[in-house]
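Overview (structure and organization)
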Amino acid sequence: MSRLNRGAVCAAAVALLLVLGAAAGRAQAPRVQVEFWHALRGPLGEALESIVSGFNASQANYRVNATFKGSYPETMVAAIAAFRAGNAPHIVQMFEVGTATMMAARGAIKPVYELMQETRTPFDPSVYLPAVRGYYSTPDGRMVSMPFNSSTPVLWYNKDAFRRAGLNPERPPRTWAELREAAQRIRASNAAPCGWSTAWPTWIHFENFGAIHDVPFATRANGFDGTDAQLLVNAPLYVRHLENIVQMQREGLFKYGGRDAAGDALGPSGECAMLTASSALFARYQREARFEWGVGFLPYYDDVKGAPKNSIIGGASLWVMTSPRRTPEEYKAVAEFFRYLSSPEVSAKWHMETGYIPITFTAIQRARALGYYQRNPWAEIPIQQLTRTRPTANSKGIRLGNMPEIRTILYEEVERALQGQQSPKAALDAAVRRGNEVLRQFQRTAGR
Amino acid sequence: MRRSLFRAPFLPYLLVAPQLLLTLVFFYWPALQGIYQSFLIQDPFGLRTSFAGLANFASVLGDPLYGNALRVTVLFSGAVVAGAMLLGLVLAAAAAQPLRGVQVYRTLLVWPYAVAPAVAAALWLFLAHPSVGIVGRALVRSGVGWDYTLNGSHALLLVVVASVWSRVAYNFVFFLAGLQSIPSSLHEAAQVDGATWFQSFRQVTLPLLAPTTFFLLVVNALYALFDTFAVIHALTKGGPGKATETLIYKVYVDGVVNLNLGSSSAQSVILLVLAVVLTSFQFRFLERRVHYA
């Protein structure tokens, strides 16, 4: 290439870059950017990102950038580290057990009610189901974080295995006694290698168990009324339930599936005929199960007065984080995004695509109008279970600091009871003792 | 010996500067931060801080669960170091023989080192899981009550085996190089003196391998203490109970999961001291017995 040619090419390239740069600058400049860190991978993450691009396409002023940051604990740690470095994202998705930790971090977060007031954004919290709203509100009912993906535990069961065992496939066990009987029939007839297992042992058999039987998980209204709460999970009813589980394990009716979501695999694979797990397991059952499955309410003890009450939610909510350089326009952008999320169309779409429960009454109406529950009758069971009673002080949720650590302590002590190293009563006494130490430590750092 | 190859006085410093800078930023700075944090009680967001003196250290050292983690660490590290070095030596001794296709064996034996610890742990999970793993299912079917998700000894055995497997290849390479550097004339001389294979191995090979063995001992101990995090995290997450919670895993659990920065930092400082003590002990007392040829 001659020198002249090279010069001409360079000049042309520079000119092209300038033109492109100017065009890009013109198109992007007016949009306010919002960083949104989330913890949903796979199909759930894709559903979330399609909602975000829906918002970005719906208006020309704001742009939300969704970024996957790993598991819930990883996302929480990333957000905390970013806040300490003065770079917090505008929105972070936080699992429900992080609620108390986030609420104690006044100065790091902006409560949703405050955000909506300051930005003068019309917002009606009463469209949210009480069991959802209560979990993320202050004791006097002001919403602190934005409910997003919520689920509640139900009983998944294998109808084919029920038939093989001579059980009525249209009638899942209602009580723990009936579940035990069904597991016995299934094992006796060898209709499945395992009768019953569970995912999320602490969420289902302690947090939800307490709510459904209207017994407290901790003092001070499960921690809603103050950080000086004490655990109460060694109360007789919890001991009775753990004794029942250990007994069923000894008889080969129950199989421990591990911590958190580890037990999920045992249901859709067909190994266990019954699985107590999150209602959000729908996607996996639909994709993986090679049998006809059904959904029932979470069992309860029918001799407990007042049972069954509403169950409580799990999942995550969206928190608004502060940063030294935030502008009012950025907060306005966040508020508009939240308003978009809570619209009936968007929350119904989220519900139907993911299997998470619809978190607003308007979304339920919308899904019903679209005939979703006629096609998926099971999908109404989690909603009925969540709304069957008004939340009591014991069924509003859990608001304890360092709750992830308390769950881990419960796992450890319950696992030792299942290994036969200690009695159920001793396990729960130890969990209360260790858990209270964790609560006191939180109380010290939370400064109340 | 010539004193310097460089005329300009600053060039050597310039050349080591990138490495020094990396060490400062990624080692010294976090280490100092950790030491500073270990004297504080702070909420996760850093909004409220109070000086705690030695309270974090006192509560860590007074915690029976810390004693448990120490016990698990000693058991786990001892088993991993012994297992990985013994297997590495046996395989290296075998591959050092003049065999047909020895290059193939050697290459195959080095391969596991290229597998990242987290991936290795995933492979072991698919082997050992009692309901989805091939070996795990076979064990359960054959009547062994194998369930590492609930049995602490099974879990510890599994993380030891997985950690040893990831490490054998590394030891194999070093032992093989060590064996190949031993002049064959020494073995021949021993044979002429009427030594059996075992006598020649014990009295010629092992002493000449001592520098390699010593180096591997230090490096393997540090590996078992600090680099096995990924294996434990992917396989057992420290459970069941706290059966596989080593000191380094406890630092992670308390700091990252439980967000108790003060306690986690105090534990890191203790680990730092432990690593320094262990390494200097090894150099002071073991190195004296090592003969560098």
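None of these values were measured; they are calculated from a predicted model. (Residues numbered from 1 in each chain as written. Chains lettered and ligands numbered in written order. Predicted model: local features only at pLDDT ≥ 70, side-chain atom pairs only at ≥ 80, totals over all residues.)

**Section: the overall build of chain A**
- The helix and strand tally for chain A stands at 19 helices and 11 strands.
- Relative to a compact globule of 448 residues, whose C-alpha radius of gyration would be 22 Å, chain A shows 25 Å and is just as compact.
- When the backbone C-alpha atoms are referred to their principal axes, chain A occupies close to 90 × 50 × 45 Å.
- Per-residue burial over chain A gives 49% buried out of 448 residues. (Helix = DSSP H or I, 4+ residues; strand = E, 2+ residues; numbered from the N terminus. Rg over C-alpha atoms; globule rule 2.2 N^0.38 Å. Buried ≥ 20, exposed ≤ 12 C-beta atoms within 10 Å, placed from the backbone.)

**A short note on the overall build of chain B**
- When helices and strands are counted, chain B shows 12 helices and two strands.
- Going residue by residue from the N terminus, the α and β elements of chain B occur as α-β-β-α-α-α-α-α-α-α-α-α-α-α.
- In terms of principal-axis extent, the alpha carbons of chain B reach across some 75 × 70 × 30 Å.
- Of all 293 residues assigned to chain B, the portion counted as buried reaches 33%.
- Residue pairs in contact within chain B that sit at least 24 positions apart in sequence constitute 69% of those at least 6 positions apart. (Contact = placed C-beta atoms within 7 Å.)

**Brief notes about the interface of chain A and chain B**
- Contact with chain A, which involves 30 residues of that partner, is made by 22 residues of chain B.
- Those elements that provide at least two residues to the side of chain A that touches chain B are helix H3 (72-84), helix H4 (99-104), helix H18 (403-418) and helix H19 (424-446) of chain A.
- For the side of chain A that touches chain B, the element with the highest residue contribution is H18(A), accounting for seven residues.
- The residue inventory of the side of chain A that touches chain B, partitioned by class, reads 14 nonpolar, eight polar and eight charged. (Nonpolar A, V, L, I, M, F, W, Y, C, P; charged D, E, K, R; others polar.)

**Brief notes about the sheet that holds strand E7 (residues 194-198) of chain A**
Residue and element names in this part refer to chain A.
- A sheet is described by the order of its strands in space; here five strands give the open sequence E8-E7-E9-E6-E10, paired in mixed fashion. With partners counted over all chains shown, the strands left at the sheet margins are strand E8 (254-256) and strand E10 (293-296), one partner each. Neighbour-to-neighbour, the strand axes of this sheet turn through a mean angle of 25 degrees, independent of strand direction.
- For strand E6 (residues 153-158) and E10, the ladder comprises four bridges, and the chain directions are antiparallel. Bridge pairing links Tyr 157 to Gly 294 in E10. (Pairing = 2+ DSSP bridges. Axes fitted to C-alpha atoms, helices over the stretch in contact; angles between N-to-C directions.)

**Brief notes about the environment of Ala367(A)**
Residue and element names in this part refer to chain A.
- Mapping Ala 367 onto the fold places it in helix H15 (residues 361-369).
- Looking at Ala 367, the number of C-beta atoms within 10 Å reads 22, which means it is buried.
- Between the C-alpha atoms of Ala 367 and Ala 316, which are 51 residues apart in sequence, the distance is 21 Å.
- Ignoring sequence-local partners within four residues, the contact set of Ala 367 consists of Ala 348, His 351, Met 352, Pro 358, Tyr 372 and Tyr 373.

**A look at the confidence of the model for chain B**
- When pLDDT is averaged along chain B, the result is 87; 96% of the residues meet or exceed 70.
- Predicted as a complex, the structure gets a pTM of 0.80 and an ipTM equal to 0.70. (pLDDT = per-residue confidence, 0-100.)

**Focus on the packing of helix H5 (residues 117-128) of chain B against helix H7 (residues 152-180) of chain B**
Residue and element names in this part refer to chain B.
- Running from N to C, H5 and H7 cross one another at 130 degrees; their axes reach a closest spacing of 10 Å. Classified by the angle their axes make, H5 and H7 are oblique. For the element pair H5 and H7, the recorded crossing hand is right-handed. Contacts between H5 and H7 involve Pro 117, Ala 120, Ala 121, Trp 124 and Ala 128 from the former and Leu 158, Ala 162, Trp 165 and Ser 166 from the latter.
- Per-class residue counts for the contact of H5 with H7 are eight nonpolar, one polar and no charged. (Parallel < 35°, antiparallel > 145°, perpendicular 65-115°, else oblique. Left-handed = near helix turned anticlockwise from the far one by under 90°.)

**Notes on the domain arrangement of chain A**
All names here are of chain A.
- Splitting chain A by domain gives domain 1 (29-151 + 314-370) and domain 2 (153-311 + 394-446).
- Of note, the centres of domain 1 and domain 2, computed from C-alpha atoms alone, are 29 Å apart.
- Put simply, the parts of the chain that give the side of domain 1 that touches domain 2 at least two residues each are H4 and helix H6 (130-135).
- Ranked by residues supplied to the side of domain 1 that touches domain 2, first place goes to H4 with four residues.
- Across the side of domain 1 that touches domain 2, the residue classes tally to 10 nonpolar, seven polar and no charged. (Domains from an automatic or database assignment.)

**Quick word on the pairing of strand E2 (residues 62-68) of chain A**
Residue and element names in this part refer to chain A.
- Bridge count for strand E1 (residues 32-38) against E2 is seven bridges, and the pairing is parallel. Bridge pairing in E2 links Val 32 to Tyr 62.
- Since E1 and E2 lie parallel, the crossover through helix H2 (residues 42-58) that links them has a hand, and here it is right-handed. (Right-handed = clockwise from strand over helix to strand, strands pointing away.)

**Concerning the environment of Thr392(A)**
Residues and elements named next belong to chain A.
- By the element assignment, Thr 392 lies in the loop between helix H17 (380-387) and H18.
- With 14 C-beta atoms counted inside 10 Å, the residue Thr 392 sits in the partly exposed group.
- Remark: the alpha-carbon pair of Thr 392 and Ile 212, spanning 180 residues in sequence, is separated by 9.9 Å.
- Not counting residues within four places of it along the chain, the set of residues in contact with Thr 392 comprises Asp 214 and Lys 309.

**Some thoughts on helix H8 (residues 176-188) of chain A**
All names here are of chain A.
- Its 13 residues give H8 an end-to-end C-alpha distance of 18 Å, which sits within 8% of 18 Å, the value for a rise of 1.5 Å per residue.
- Considered for burial, the residues of H8 that qualify are Leu 179, Arg 180, Ala 182, Ala 183 and Ile 186. Angular distribution of buried residues about the axis of H8 spans 165 degrees; they occupy a single face of the element.
- Considering only its buried residues, H8 is in contact with helix H7 (159-164), E7, helix H11 (236-250) and strand E9 (272-278).
- Where H8 ends, the next residue or the one after it, Asn 190, has phi of about 55 degrees, a positive value. (Expected span 1.5 Å × (residues − 1). Arc of directions from axis to C-beta.)

**Brief notes about helix H14 (residues 344-354) of chain A**
All names here are of chain A.
- Listing the buried residues of H14 in full gives Ser 347, Ala 348, Lys 349, Trp 350 and His 351.
- Those residues of H14 that are buried lie in contact with H2, helix H13 (328-341) and H15.
- Directly beyond the C-terminal end of H14, a positive phi value near 90 degrees is found at Gly 355.

**A closer look at unusual backbone geometry**
- Put simply, Ala307(A) and Pro308(A) share a cis peptide bond, and its omega is 0 degrees.
- Checked against the element boundaries, Pro308(A) lands in the loop between E10 and strand E11 (314-321).
- One non-glycine residue, Trp200(A), lies in positive phi territory at about 45 degrees.
- Looking at the element boundaries, Trp200(A) is found in the loop between E7 and helix H9 (201-212).
- Accessibility expressed as a C-beta count within 10 Å gives 24 for Trp200(A), which makes it buried.
- Positive phi outside glycine occurs at Leu259(B), with the angle close to 55 degrees.
- You can see Leu259(B) is positioned in the loop between helix H11 (247-257) and helix H12 (261-286).

**Here's the deal with the nonpolar core**
- Ranked by size, the top nonpolar core spans 134 residues in total, and within it Trp156(A), Ala273(A), Met274(A), Trp319(A), Met321(A), Val334(A) and Phe337(A) carry the most contacts.
- No other element matches H18(A), which puts eight residues into this core.
- Setting aside its immediate chain neighbours within four residues, Phe337(A) contacts Val34(A), Phe55(A), Tyr62(A) and Val64(A).
- With 43 residues, the next largest nonpolar core counts Tyr66(B), Val80(B), Phe172(B) and Tyr249(B) among its residues. (Core = buried A, V, L, I, M, F, W, Y, C linked by C-beta atoms within 7 Å.)

**Brief notes about the pairing of E7(A)**
All names here are of chain A.
- Most of E7 sits out of view: five of its five residues are buried.
- Here four bridges tie E7 to E9, and the two strands are oriented parallel to one another. Residue pairing for E9: Ser 197 is matched across the bridge by Leu 275.
- Bridging between E7 and E8 involves three bridges; their strand directions are parallel. Looking at E8, one finds that Trp 196 is bridged to Phe 254.

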